[in-house]
Amino acid sequence: MKFSLATYAAIGFLFLIAAGFAASDTAILVTDITNVDASVASAAASKAGVPVVVAEDGMLTDDIKNTLQSTGIKNVIIVGGPAVIKPETEAELRSLGYS
């Protein structure tokens, strides 16, 4: 079952917004396919002070790529296995220079 962004927002998940997040060179990437990974990621993100980015269907969008670049993100931590975050997504992140 997929969860809407409104569902994530209603239960307090962090979303990376170019204009509103404190400087960090790391972001956590989760998917909207399940909320389990996002729950774990939000706790870790809150403790570390890093944003959580939600990839629709486990894929990068142009908006996500632009926001990562414009906010100075250098490291992306992927939470979730290949069933939810596509291997192509990890490969694309690496090709864009993220570790």
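None of the values given here were measured: they were computed from a predicted structure. (Residues numbered from 1 in each chain as written. Predicted model: local features only at pLDDT ≥ 70, side-chain atom pairs only at ≥ 80, totals over all residues. Heavy atoms only, no water.)

**Quick look at the environment of Pro51**
Step number 1: Turning to its location among the elements, Pro51 is positioned in the loop between helix 2 (36-48) and strand 2 (52-55).
Step number 2: Accessibility expressed as a relative area gives 0% for Pro51, which makes it buried.
Step number 3: For the pair Pro51 and Ala23, spaced 28 residues apart in sequence, the C-alpha separation works out to 9.5 Å. (Helix = DSSP H or I, 4+ residues; strand = E, 2+ residues; numbered from the N terminus. Buried < 20%, exposed > 50% of the residue type's maximum accessible area, 1.4 Å probe, protein only.)

**Quick look at the environment of Gly72**
Step number 1: Within the element layout of this structure, Gly72 appears in the loop between helix 3 (62-70) and strand 3 (75-78).
Step number 2: With relative accessibility at 31%, the residue Gly72 sits in the partly exposed group.
Step number 3: Leave out the neighbours within four places in its chain, and Gly72 touches Ser24 and Asp25. (Contact = heavy atoms within 4.5 Å.)

**Overview of the pairing of strand 1 (residues 26-31)**
Step number 1: Among the six residues in strand 1, six count as buried, and that is most of the element.
Step number 2: Where burial is concerned, the two faces of strand 1 agree: the one with Thr26, Ile28 and Val30 and the one with Ala27, Leu29 and Thr31 are both buried.
Step number 3: Sheet analysis places strand 1 next to strand 3, joined by four bridges and oriented parallel. Following the sheet pairing, Ala27 is matched in strand 3 by Val76.
Step number 4: Bridging between strand 1 and strand 2 involves four bridges; their strand directions are parallel. Bridge pairing in strand 2 places Val30 opposite Val54. (Pairing = 2+ DSSP bridges.)

**Thoughts on the side chain of Asp32**
Step number 1: With respect to the helices, strands and loops of the structure, Asp32 is situated in the loop between strand 1 and helix 2.
Step number 2: Of the polar contacts made by the side chain of Asp32, one reaches the backbone nitrogen of Asp57; its length is 2.8 Å. (Polar contact = N/O pair within 3.5 Å; in protein donor to acceptor, adjacent residues only side chain to side chain.)

**Describing the nonpolar core**
Step number 1: Counting 13 residues, the largest nonpolar core has Leu29, Leu68, Val76 and Leu93 as the members making the most contacts within it.
Step number 2: Once you skip the residues sitting within four places of it in the chain, Leu93 turns out to touch Leu29, Leu60, Leu68, Val76, Ile78 and Tyr98.
Step number 3: Judged by nonpolar contacts, the second largest core, of nine residues, contains Val30, Ala38, Ala41 and Ala45. (Core = buried A, V, L, I, M, F, W, Y, C linked by side-chain atoms within 4.5 Å.)

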